[in-house]
Amino acid sequence: MTALILCFLKFSFNCIVLALLIFLLFRMIALRNIPIFMSWLVFVVLTLCVLFVWQKEMISRSVINETEIKEQHLFLYPDELQVDGDLFKFSAFWLEGKQKVQSFYILKSKNEKRKFLNYEKTTVFSFTGTIKQSDEPTNENQFNYQAFLKTKNIANVVNITRFNELDKEAAKVIWTPTFLAHIHDLRKYLLNFLGHSPQPLAGYSQLLLLGYYDSDFSNPVEIINKLGLLYLFSLSGMHVFYITSVFKWLFAKLYLTDEFCSWFLLIILPLYAILGGLSASLLRSVMMSWIILFVQFFFKTPISGITVESLVLIINLYWCPMTVFSMGAQLSYLLTFILIINRKSGPIRLGLKLTAYSIPIVLWNTYEWNWLTTFLSVAIVPFFEWIIMPAVIIGATAPVLNILCNQVLIIFTKILSFLSSWPLTWNYGKPPLFFVVFWIILLLLLEKNRNSWKIYSCLTVSFILCAVIIKFPLQSQVIYFDIGQGDSTLITEQFNRSITLVDTGGKVIFNNNEKWKKREAKTTGETIIANYLLSKGISKIDNLFLTHQDTDHVGNFPSLAKKIKINRLFVPDGMENIDSFRTRLAKSTIDTNKVYPISTAKVAKIGIFKILHPFTKGVGSNEDSVALNFKLRNTTFVISGDLDQKGEKKVIDLFTTLQVDILKTGHHGSKTSTAREYVDKLRPKFAVISAGRNNHYGHPNKETLKTLDKFGVPYVNTADVGMIKVIPTENHRAIVETFLKGNGEIR
């Protein structure tokens, strides 16, 4: 009873605070004697207060250390579940914890998978598992899953070990179905209904009408995203305007009054926001439309667009502040503001303005820009309104015509595919936040000073200067990615004269031969390595060395090659003939003519890289690992894959004068590598270990750590500090930057 009273008081307090925020905003607008800057000052202060309170609440809900929970209960909306191979993932409400959580469960059988795919009603489950806050990114510019969950008001992740559906009687004792649950059930029904249409009609209708992205529709979505047009296909203001226009036209034809139409839209718009998946852009457009209708209907007075957008932004910040940190929300609010203040502009001028404002936000989030986007943003809107949307709506609601409508969408997709094949995507890199804010401020200044050559000059010069800073770094660097239980090292020479990657990492999957268990998730080669390279303005790799055939070293190279162009691929002599390598090569975009087998017998040096191993032709095993020695600004490095101690001893016997400053320990710190004689001979000043957190192999091994300690070699492990960046300075010195635990210097 006490808990219920506290919950009620908290809810009441939140409602009162929100009401006060709305009241204050209306009062600021109504009282013309209050200066505008005072209104914005109050708005900023209120916003900061909301963010502070929300952050404290998220921290109080977060479970820092992994905790076991037993016999707890979740209720799951059927439209929020996803099944990827044997992985069942969904967001659900944890009843005992009184919060929404992201949940994961490994399916035990094909029948269990089929059962979850067929759920159509909101269901209550009992479960046992562990709960903790989602992990933060451990590499620079890696996708931040923790921040993504916060945009959905989710603080914790639940890994379920046992999962059972409650029968109806038991479920009623714990939870009573709500109106919201019935709306989610309806959305699931509509998704299934639309999903029975032929592709791509099914994918377009689910995406454009209900805001649902189906994995079977991934290719068209990738094409649309590559052209920079995903905002058109995400539920937003255009769709809400289109839907309200259709209803107004329909009611006028039926001779129904404007009053009836307003009542109908006031009821239907909030429901559509839920049916559309409650995305940030959809919520903004629905709330703005609803408030305008509400004020006009009840107060018989117009309300300015900027006033409405400010009010919606306050409500959104109060409800879920982190939402505005997503690219969709940023583009939605910014471009809506530009539309409001440029209502009298022509379509071409307006399209160019919207494109200009989009570029900083898009580059900050995706690092790339397609030159066709500027043209298509202007040209495709009428085509979209008069052909695509009608084809989707008619095809979804009139089964007799769905074949014809599907054919229209097939032709449209082929046109987009053809356009996306043009080499017009420019990898700019991730601009510093200062430049993003600076560009938007300059663009806003142009609204008042349209012919100011000084502002245009500042924009042009700063845009070029930022590109030069990103693409031509002053320092050489060696980056050891935190790739989990695997290896991947990036070597960039000053001004990016040469880009070399040694190994690509890859996930070893055990007992996953059954087709139904295979997952379609992106590899760490895409989400970590490619993301980092693109963020630094790097779209090609000059040299890719694959040290040997193990999956944790080479598994990602096919997916990486689809994102980043690879000029030359080097493998240990003999590995090019192995079936597993040939299979991976066939899946990549690398030509067989660009594959070069290497050994000390064939080649002594490639660029700055001295080949230390293998000596002869082998089969690509650990014993055949490629070992490399290279120098950057008089700082020397060694990387040797999974080379064993026997091979290490042969290396120092052959290269008797070899000494290094930075040693990459072999085989993730396993005791099979990093021989005492090897460390004694090399005399490294620092060692780097690449190993996965809580790995099954016990890496790094205690014997290896004892060897490093014996010779006074300090070391860091990617499992502890995340991505490791070594910046050579001079006289065999270097600065070491770790993503999680700060910086240091090697002397």
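The structure presented is a predicted model; accordingly, all values stated were derived computationally and were not measured. (Residues numbered from 1 in each chain as written. Predicted model: local features only at pLDDT ≥ 70, side-chain atom pairs only at ≥ 80, totals over all residues. Heavy atoms only, no water.)

Engineer: I'd like to hear about the pairing of strand β13 (residues 565-572), residue by residue, with values.
Structural biologist: Alignment of strand β12 (residues 540-545) against β13, held across five bridges, turns out to be parallel. Among the inter-strand pairings, asparagine 543 is bridged to a residue of β13, identified as arginine 568. Note: β13 against strand β14 (residues 595-598), four bridges, orientation parallel. Paired with proline 572 across the strands is isoleucine 598, a residue of β14. In this fold, β13 hands off to helix α23 (residues 579-587), which returns the chain to β14; that crossover is right-handed. (Pairing = 2+ DSSP bridges. Helix = DSSP H or I, 4+ residues; strand = E, 2+ residues; numbered from the N terminus. Right-handed = clockwise from strand over helix to strand, strands pointing away.)

Engineer: Can you explain the pattern of salt bridges? Please cite residues and give values.
Structural biologist: Close approach of charged atoms lets side chains of opposite charge pair. With the rule as written, the count across this model stands at 15 salt bridges. A salt bridge links lysine 132 to aspartate 135, with the nearest nitrogen and oxygen atoms 2.8 Å apart. Its relative accessible area of 55% is what places aspartate 135 among the exposed residues. In this structure, aspartate 542 engages lysine 540 in a salt bridge whose closest nitrogen and oxygen atoms are separated by 2.9 Å. Linked through salt bridges whose partners overlap, the residues forming this network are Glu140, Lys536 and Lys725. (Salt bridge = Lys/Arg side-chain N within 4 Å of Asp/Glu carboxyl O. Buried < 20%, exposed > 50% of the residue type's maximum accessible area, 1.4 Å probe, protein only.)

Engineer: Quick rundown of the sheet that holds strand β20 (residues 686-689)? Include the residues and the values.
Structural biologist: Taking strand neighbours across the sheet as the criterion, the seven strands line up as β15-β16-β17-β18-β19-β20-β21 in an open arrangement whose pairing is mixed. Edge positions in the sheet fall to β15 (605-606) and β21 (715-717), since each of these pairs with one other strand and no more. Pairing of β20 with β21, which is carried by three bridges, proceeds in the parallel orientation. Of the residues in β21, the one forming a bridge with isoleucine 689 is asparagine 717.

Engineer: Describe the environment of threonine 307, naming the residues involved and giving the relevant values.
Structural biologist: With respect to the secondary-structure elements, threonine 307 resides in helix α13 (residues 305-319). Threonine 307 sits in the buried class, given a relative accessible area of 12%. A sequence separation of 15 residues divides threonine 307 from isoleucine 292, and the C-alpha atoms of the two residues are 10.0 Å apart.

Engineer: I'd like a rundown of the packing of aromatic side chains, residues and numbers included.
Structural biologist: Taken as a whole and assessed by the stated rule, the structure comprises 39 aromatic pairs. With a centroid separation of 5.2 Å and 85 degrees between ring planes, the pair formed by phenylalanine 251 and phenylalanine 264 is classed as edge-to-face. Here phenylalanine 264 lies in helix α11 (residues 258-275) and phenylalanine 251 lies in helix α10 (residues 237-253), a separation of 13 residues in the sequence. Since its relative accessible area comes to 8%, phenylalanine 251 is described here as buried. The exposure class of phenylalanine 264 is partly exposed, given its relative accessible area of 25%. One aromatic cluster is present, formed by Trp371, Trp426, Tyr428, Phe434, Phe435, Phe438, Trp439 and Phe463 through successive ring pairs. Over the face of the ring belonging to phenylalanine 116 we find lysine 115, whose NZ or CZ atom lies 5.2 Å from the ring centre. Here the basic side chain of lysine 430 rests over the ring of tryptophan 364, its NZ or CZ set 4.2 Å away from the ring centre. (Phe/Tyr/Trp six-rings, centres within 6.5 Å; stacked < 30°, edge-to-face > 60°. Lys NZ or Arg CZ within 6 Å of the ring centre and 35° of its normal.)

Engineer: Please give an account of a positive patch on the surface that cites residues and values.
Structural biologist: On the surface, a cluster of positive charge is contributed by Lys110, Arg114, Lys515, Lys518, Lys562 and Lys587. With respect to the helices and strands, the residue lysine 562 is situated in helix α22 (residues 557-563). (Patch = residues over 30% accessible without salt bridge, like charges linked within 9 Å, V, L, I, M, F, W, Y side chains within 5 Å. Areas by Shrake-Rupley, 256 points an atom, 1.4 Å probe, with all protein chains shown as cover. Lys, Arg positive; Asp, Glu negative; His and termini not counted. Charge placed at Lys NZ, Arg CZ, Asp CG, Glu CD.)

Engineer: I'd like a description of the environment of lysine 471, backed by residues and values.
Structural biologist: Mapping lysine 471 onto the fold places it in helix α19 (residues 453-471). Once residues within four sequence positions are removed from consideration, lysine 471 is found in contact with Trp426, Asn427, Tyr428, Phe495, Asn496, Lys536 and Gly537. (Contact = heavy atoms within 4.5 Å.)

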